Amino acid sequence: MDSLHYLLMKAYAQLNKKILKDAAAIELSPGQPKILEDLLYHGENNQKAIAEHCEIEQATAGTILLRMKQDGLIKRFNKEGNRRSLYVTLTPKGRQRALQMEQIFNRCEQEAVNGMSDAEIQQLKQLLEKFCTSIAKKGCGTNEK
């Protein structure tokens, strides 16, 4: 039987490969789909919050956001009274792509859980949430207990 870390890595790689292939078909590059999803669900936000939600480094988010601005998917702006933080919001084109990605995410998830019962899907979600919470609290590869 394969180790847990290998199975998690394999599941992520396989799902991500399908998602990125479909994202490329609608002219999105890696990193853009999860930021579009974040903006669709959380609305306008600053780069730091987007990076945290997407589990990526802030500098990486900045690079992706710059490309998204060039592609006409987002607008960046300062809020009155806060000149230090740039905020990001979807353009109409960005919202359209975000809705397309939502369909892609849903379709890929459905394919991934094909053959599983609703109870198994809920159990998988609960276990993964518990797993993520545990990793976030204790870290990985540290001596913390």
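See above for the structure.
Presented here is a report on the structure given in the accompanying data block. Keep in mind that what you see is a predicted model, and the values were worked out from it rather than measured. (Residues numbered from 1 in each chain as written. Predicted model: local features only at pLDDT ≥ 70, side-chain atom pairs only at ≥ 80, totals over all residues. Heavy atoms only, no water.)

A look at the overall build of the protein
Scanning the protein from N- to C-terminus turns up six helices and three strands. Counting helices and strands in the order they occur from the N terminus, the protein gives α-α-β-α-α-β-β-α-α. If one aligns the C-alpha atoms of the protein with their principal axes, the spans along those axes are about 55 × 40 × 25 Å. Among the 145 residues that make up the protein, the fraction classed as buried is 29%. (Helix = DSSP H or I, 4+ residues; strand = E, 2+ residues; numbered from the N terminus. Buried < 20%, exposed > 50% of the residue type's maximum accessible area, 1.4 Å probe, protein only.)

Topic: the side chain of N45
By the element assignment, N45 lies in strand β1 (residues 45–46). Among residues more than four places away in sequence, those in contact with N45 are L39, I50, H53, L86, Y87 and V88. (Contact = heavy atoms within 4.5 Å.)

Regarding the layout of surface pockets
Space inside the largest pocket adds up to approximately 1900 Å³. Lining the largest pocket are 36 residues, with Y12, L15, I19, E109 and L128 positioned closest to its centre. Within the residue set of the lining of the largest pocket, elements represented by two or more residues are α1 (4–25), α2 (32–42), α3 (47–54), α5 (92–112) and α6 (118–138). No other element matches α1, which puts ten residues into the lining of the largest pocket. Split into classes, the residues belonging to the lining of the largest pocket amount to 20 nonpolar, six polar and ten charged. (1 Å grid on protein atoms, 1.4 Å probe; cavity = no way out; pocket = protein on both sides within 12 Å on 5 of 7 lines; lining within 4 Å. Points joined across faces, edges and corners; volume = space filled by probe spheres on them. Nonpolar A, V, L, I, M, F, W, Y, C, P; charged D, E, K, R; others polar.)

Overview of the pattern of salt bridges
By the definition in use, this model includes four salt bridges. Taking the shortest distance from any N to any O, the salt bridge between R97 and E27 comes out at 3.6 Å. You can see R97 sitting in helix α5 and its partner E27 sitting in the loop between α1 and α2, a full 70 residues away along the chain. (Salt bridge = Lys/Arg side-chain N within 4 Å of Asp/Glu carboxyl O.)

Description of helix α4 (residues 58–70)
Relative to the 18 Å expected for 13 residues at 1.5 Å per residue, α4 spans 18 Å between its end C-alpha atoms, a close match to the ideal helical length. Listing the buried residues of α4 in full gives A61, G62, I64, L65 and M68. Residue G72 follows α4 closely and has a positive phi angle near 75 degrees. (Expected span 1.5 Å × (residues − 1).)

Examining the environment of Y87
Residue placement: Y87 occurs in strand β3 (residues 82–90). Here the alpha-carbon distance between Y87 and I50, two residues 37 residues apart in the chain, equals 9.7 Å.

Concerning the packing of α2 against α4
The contact between α2 and α4 brings their axes to 10 Å, and the two run at 85 degrees. Considering their axes alone, α2 and α4 lie roughly perpendicular with respect to each other. Taken together, the residues of α4 that come into contact with α2 (itself represented by Q32, I35 and L36) are A61, I64, L65, R67 and M68. (Axes fitted to C-alpha atoms, helices over the stretch in contact; angles between N-to-C directions. Parallel < 35°, antiparallel > 145°, perpendicular 65-115°, else oblique.)

Focus: the packing of α2 against α3
One way to put it is that α2 packs onto α3 with a least axis distance of 10 Å and a crossing angle of 110 degrees. In this view, α2 runs roughly perpendicular relative to α3, as classed from their interaxial angle. Viewed along their axes, α2 and α3 form a crossing whose handedness is right-handed. Within the contact between the two elements, α2 uses K34, I35, D38, L39 and H42 and α3 uses I50, H53 and C54. For the contact of α2 with α3, the residue count by class is four nonpolar, two polar and two charged. (Left-handed = near helix turned anticlockwise from the far one by under 90°.)

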